[in-house]
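# Remarks on the overall topology
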Amino acid sequence: MKKKFFDWRVAFGIILVLLSIAFYFLHYLIFHNPHHIFLYLIGDIAFVFIQVLLVTLVLERFWQYNEAKERMEKLYMLIGAFFSEVGHKLLDLYSRVDLNAGEVIKDVALDGLWSDDDFKKFQKNLHRHKFLIDASKINLEELRNFLIEKRDFLLRLIENPNLLEHEKFTNLLLAVFHLTEELQYRKDFRNLPEADYEHISKDIIRIYNLLLEAWIKYAEHLKENYPYLFSLVIRINPFNPKATVVIK
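Here's what I pulled together on the structure shown here. (Residues numbered from 1 in each chain as written. Predicted model: local features only at pLDDT ≥ 70, side-chain atom pairs only at ≥ 80, totals over all residues. Heavy atoms only, no water.)

## Description of the pattern of salt bridges
In the structure shown here, the tally under the stated rule is nine salt bridges. The partner of arginine 96 in a salt bridge is aspartate 92, and the shortest N-O contact between them spans 3.2 Å. With arginine 96 and aspartate 92 both in helix 2 (residues 34–97) and four residues apart, this pair spans about one turn of that helix. The shortest N-O distance in the salt bridge between aspartate 188 and arginine 190 comes to 3.0 Å. The exposure class assigned to aspartate 188 is partly exposed, which follows from its relative accessible area of 34%. (Salt bridge = Lys/Arg side-chain N within 4 Å of Asp/Glu carboxyl O. Helix = DSSP H or I, 4+ residues; strand = E, 2+ residues; numbered from the N terminus. Buried < 20%, exposed > 50% of the residue type's maximum accessible area, 1.4 Å probe, protein only.)

Printed below as a string of structure tokens:
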């Protein structure tokens, strides 16, 4: 079906132009001063360019900033839901089997009074952290069942268009999906060869790395915007052996 050219917008524009011409003509009939009409007409037209400048370069940028901020808020809501349903359990599991977890613990202020420097230090040292995880030390059957149970939830997350704003979090979800498939196709975990355990360990380390990076950025966001949610993150910190959800 062809779109009609003369829709209501075109008709409305024509009406406005005709009204403008009619009032200029009325002005001429009353005052008989075309010089005055053209003086203000040219001045008004000249100011149109300033208006375009203000709208396109200032107001539009402000609107884009607000839209981007709203999208990021929605994105962090998705990330928060992910950690509530999946992320915290995986982080707790992997941190307990990471032989180098002590290196991460040293970089995290365990008193909960994380400063901006603490966040920067953690993110910087995270790239140098060497993960040592042995998949044979993990109950892979239990992990597989957990991930399969959360598959529908993860699918709904990855379908959300707000994830387009966060490539690394999308990569995290894809890594989790990949591990889920790897474990799903293995029916028996009791007699896996060493090479297969090594392959699964690499898949887990990939998730663990992305998970830690997302976790620390999410915690930083909560500290700046939602202190009461940040308080809970501190009290369930998997890298703090003395952490407890109960407030004493």
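## Focus: helix 9 (residues 227–235)
When helix 9 is considered as a whole, its buried residues turn out to be Phe230, Val233 and Ile234. Looking straight down helix 9, one finds its buried side chains confined to an arc of 100°; they lie on one side. Each element contacted by the buried residues of helix 9 is listed here: helix 4 (116–126) and helix 8 (194–225). (Arc of directions from axis to C-beta. Contact = heavy atoms within 4.5 Å.)

## Digging into the packing of aromatic side chains
Here the structure, examined in full by the defined rule, presents five aromatic pairs. Summarising the aromatic geometry, the rings of phenylalanine 83 and tyrosine 218 are spaced 5.7 Å apart at their centres and angled 10° between planes, so their arrangement reads as stacked. Of this pair, phenylalanine 83 sits in helix 2 while tyrosine 218 is found in helix 8, placing the two residues 135 residues apart along the sequence. Of the two residues, phenylalanine 83 and tyrosine 218, neither departs from the other in class, the shared state being buried. Measuring from centroid to centroid gives 6.4 Å for tyrosine 226 and tyrosine 228, while their planes differ by 90°, and the two rings are edge-to-face. (Phe/Tyr/Trp six-rings, centres within 6.5 Å; stacked < 30°, edge-to-face > 60°.)

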